[in-house]
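Breakdown of the fold
Below, each chain spelled out in residue letters.
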Amino acid sequence: MTTSLIDLPGAAGTDASRVMYRDTPLEIPEQFRDPATGAVNLGALLKSHQDLRRQISRQSKAPETYALALPEDLAGRMTLDAEDPLARAAMDWARRHNLSQEAFGELAELFCRCEAEARDPDGYRDLQYQALEERLGSHAPHVCDEIGQWFGALLSEDFGRDPDLLDAAENLAADARGVLLLKALRDRLSERGVPGPRRSANGPMDEVALRRLQASEAYLDNRHPDHRSVAHQVREGWRRLVDSGR
């Protein structure tokens, strides 16, 4: 037996796959146990512990320098300079707070997107609209209009009372992902009777509103991304009218 192995304590017949620590039985992983002798491989155990400590140290230690990477969709619209005073200040702050390269990269991307929008709001809007067209095709403008009507009908009073709330909503609607989120929210809530894009916030739609909705592209075209929710609104609207005797 080499000096890198130690015998497990205990009398004959003790389970060699475990060791007691403060009255708690601990399983010994296969890679740290000699299957022939049932002894702990102390060398392998210490080496694993050392490697783990080294890995944790590397993960928790900020890099000497941070790499700046511009998001691909912003290439050509702006440049990054690691020597820029703002970039150097950001790196110093990140290093003091022990940020990893990955965390710093996420922070830098957020800054780049905000900066790109501030420098070229029209260009940023066009870029986001292109992203919407990739997801929604030719229906993108109709979806934007209907989402705006629905969102305004639902929260117009809240927007009037709180300008900060309106500002937050506009920021959300300026991003393609934000529009898709609002669409998903509208679709889900509309199925439960919440006002849709052509529904009054004050109550159910009347016969005129229902016929107008039935004439919409969203209702007539079953390929429209809003067809399912609009068709549901029409069915529920007529059912309510019939039940109410109107």
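Residues numbered from 1 in each chain as written. Predicted model: local features only at pLDDT ≥ 70, side-chain atom pairs only at ≥ 80, totals over all residues. Heavy atoms only, no water.

So, on to the overall build of the chain. In terms of regular secondary structure, the chain is built from ten helices and five strands. Taken across its 246 residues, the chain has 28% of its residues classed as buried. Put simply, 59% of the contacts in the chain that link residues at least 6 apart link residues at least 24 apart. (Helix = DSSP H or I, 4+ residues; strand = E, 2+ residues; numbered from the N terminus. Buried < 20%, exposed > 50% of the residue type's maximum accessible area, 1.4 Å probe, protein only. Contact = heavy atoms within 4.5 Å.)

The subject of this paragraph is the side chain of lysine 183. Topologically, lysine 183 is positioned in helix α7 (residues 176–190). Look at lysine 183 and you get buried, because its relative accessible area is 10%. Those residues in contact with lysine 183 that lie beyond four places of it in its chain are Leu136, Val143, Ile147, Pro225 and Asp226.

This structure, assessed with the given rule, holds three aromatic pairs. An angle of 20° between the planes, with centres 5.9 Å apart, marks the rings of tryptophan 150 and phenylalanine 151 as stacked. Each of the two residues, tryptophan 150 as well as phenylalanine 151, counts as buried. An aromatic cluster of three or more residues is present, and its members are Trp150, Phe151 and Phe159. (Phe/Tyr/Trp six-rings, centres within 6.5 Å; stacked < 30°, edge-to-face > 60°.)

Let's shift gears to the pairing of strand β3 (residues 24–27). Sheet topology note: the strand β2 (residues 18–21)/β3 ladder contains four bridges and is antiparallel. Paired with valine 19 across the strands is leucine 26, a residue of β3. (Pairing = 2+ DSSP bridges.)

Okay, the nonpolar core next. Grouped together as the largest cluster of nonpolar side chains are 13 residues, with contacts concentrated most on Leu132, Leu136 and Phe151. Among the elements of the structure, α4 (121–136), α5 (140–161) and α7 are those that each provide at least two residues to this core. Counting residues per element, this core draws most heavily on α5, which supplies six residues. The residues contacting leucine 136, other than those within four sequence positions of it, are Val143, Leu180, Lys183 and Pro225. Among the nonpolar cores identified, the runner-up in size contains eight residues, and Ala209, Leu210, Leu213 and Val230 belong to it. (Core = buried A, V, L, I, M, F, W, Y, C linked by side-chain atoms within 4.5 Å.)

Our next topic: the pattern of salt bridges. A complete count under the given rule lists seven salt bridges for this structure. With a closest N to O distance of 3.3 Å, aspartate 221 and arginine 223 form a salt bridge. (Salt bridge = Lys/Arg side-chain N within 4 Å of Asp/Glu carboxyl O.)

Right, let's get into unusual backbone geometry. Even without glycine at this site, asparagine 98 takes up a positive phi of about 60°. Take asparagine 98: it is sitting in the loop between α2 (85–96) and α3 (101–119).

This brings us to α2. Here α2 contains twelve residues, and its C-alpha end-to-end distance of 16 Å stays within 8% of the 16 Å for a straight helix at 1.5 Å per residue. Buried residues in α2 make contact with α3. Its side-chain oxygen placed 2.8 Å from the backbone nitrogen of leucine 86, aspartate 84 serves as the N-cap of α2. (Expected span 1.5 Å × (residues − 1). Polar contact = N/O pair within 3.5 Å; in protein donor to acceptor, adjacent residues only side chain to side chain.)

We now examine the packing of α2 against α3. The contact between α2 and α3 brings their axes to 11 Å, and the two run at 145°. Two packed elements cross with a definite hand, and for α2 against α3 that hand is right-handed. Residues Leu86, Ala90, Met91, Trp93 and Ala94 of α2 touch α3, and the partners they reach there are Phe104, Leu107 and Phe111. Residue classes in the contact of α2 with α3 are distributed as eight nonpolar, no polar and no charged. (Axes fitted to C-alpha atoms, helices over the stretch in contact; angles between N-to-C directions. Left-handed = near helix turned anticlockwise from the far one by under 90°. Nonpolar A, V, L, I, M, F, W, Y, C, P; charged D, E, K, R; others polar.)

For the rest of this paragraph, the subject is a nonpolar patch on the surface. A cluster of nonpolar side chains, contributed by Trp93, Leu107 and Leu110, occupies part of the molecular surface with about 290 Å² of accessible area. One can find leucine 107 in helix α3. (Patch = residues over 30% accessible without salt bridge, like charges linked within 9 Å, V, L, I, M, F, W, Y side chains within 5 Å. Areas by Shrake-Rupley, 256 points an atom, 1.4 Å probe, with all protein chains shown as cover.)

Turning our attention to the confidence of the model for the chain. Residues with a pLDDT of 70 or more make up 82% of the chain, whose mean pLDDT is 76. Mean pLDDT across the secondary structure elements of the chain bottoms out at strand β1 (residues 5–6), with 37, and peaks at α2, with 88. Residue range residues 1–14 is modelled with pLDDT below 50. Its contacts to residues more than four positions away, or to other chains, number 19 contacts. Across residues 192–202 the pLDDT falls below 50, and counting only partners more than four positions away or on other chains, this stretch makes 29 contacts in the model. (pLDDT = per-residue confidence, 0-100.)

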